[in-house]
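Reading the structure
So the chains spell out like this:
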Amino acid sequence: MDLLLDEDGVDAILMGRRTQYPAEAVQLVERLEQEFVNDLFSTLRERMLDLRYCKVVFVGGGAILLRRQIEESGKVGTPLFVTRINANAAGFEYLYRLETAGR
C-alpha cells in the first residue's frame, strides 16, 4: 500500500479510533492483529492450555490494545482485563516490597 504506518497509527487502529489511513490499511491491520491473537491462542492450546473454559486475566498495555481481538477470538472463556497501564510494574513493586520486608 506504500504507506508509512507508525506504531501510533497501529495503536489508534487497534483501539478503534478514527485515523487518516485508508479503509484498506485499517482492515489489513485489524486482520493481521486478529491472526496474531488467534495464532497465540492456538499455540497455547497446542501446549495443553485450553482457555475456552477458564477465566483469564490480561494485564498491561498489550492487553488493552488487543482487547477487542481477544474478545472476538472466541478462544477465551471469560477474559478479564486490568486496564491500568502500569499494572505489571505495580504488581512487581508490590512483590518486591513483600520479599524485602523484614530483611
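My aim in this report is to walk through the structure given alongside it, one point at a time. (Residues numbered from 1 in each chain as written. Predicted model: local features only at pLDDT ≥ 70, side-chain atom pairs only at ≥ 80, totals over all residues. Heavy atoms only, no water.)

Another point: the side chain of glutamate 33. If you trace the backbone, glutamate 33 turns up in helix α2 (residues 23-46). One buried charged residue, glutamate 33, remains without a salt bridge, the closest side chain of opposite sign being arginine 68 at 9.3 Å. Once residues within four sequence positions are removed from consideration, glutamate 33 is found in contact with Leu14, Leu66 and Gln69. (Helix = DSSP H or I, 4+ residues; strand = E, 2+ residues; numbered from the N terminus. Buried < 20%, exposed > 50% of the residue type's maximum accessible area, 1.4 Å probe, protein only. Lys, Arg positive; Asp, Glu negative; His and termini not counted. Salt bridge = Lys/Arg side-chain N within 4 Å of Asp/Glu carboxyl O. Contact = heavy atoms within 4.5 Å.)

Within the sequence span of helix α1 (residues 7-14), burial applies to Gly9, Ala12, Ile13 and Leu14. Packed against the buried residues of α1 are α2, α3 (61-65) and α4 (67-73). In the stretch just after α1, glycine 16 is the one whose phi turns positive, near 80°.

Turning next to the environment of glycine 16. Along the chain, glycine 16 falls in the loop between α1 and α2. For glycine 16, a relative accessible area of 53% gives the class exposed. Sequence spacing of glycine 16 and leucine 65 is 49 residues, and the spatial spacing of their C-alpha atoms is 9.5 Å.

Before going further, it helps to spend a moment on unusual backbone geometry. Look at methionine 48: it is not a glycine, yet its phi comes out positive at around 70°. In this structure, methionine 48 sits in the loop between α2 and β1 (55-59).

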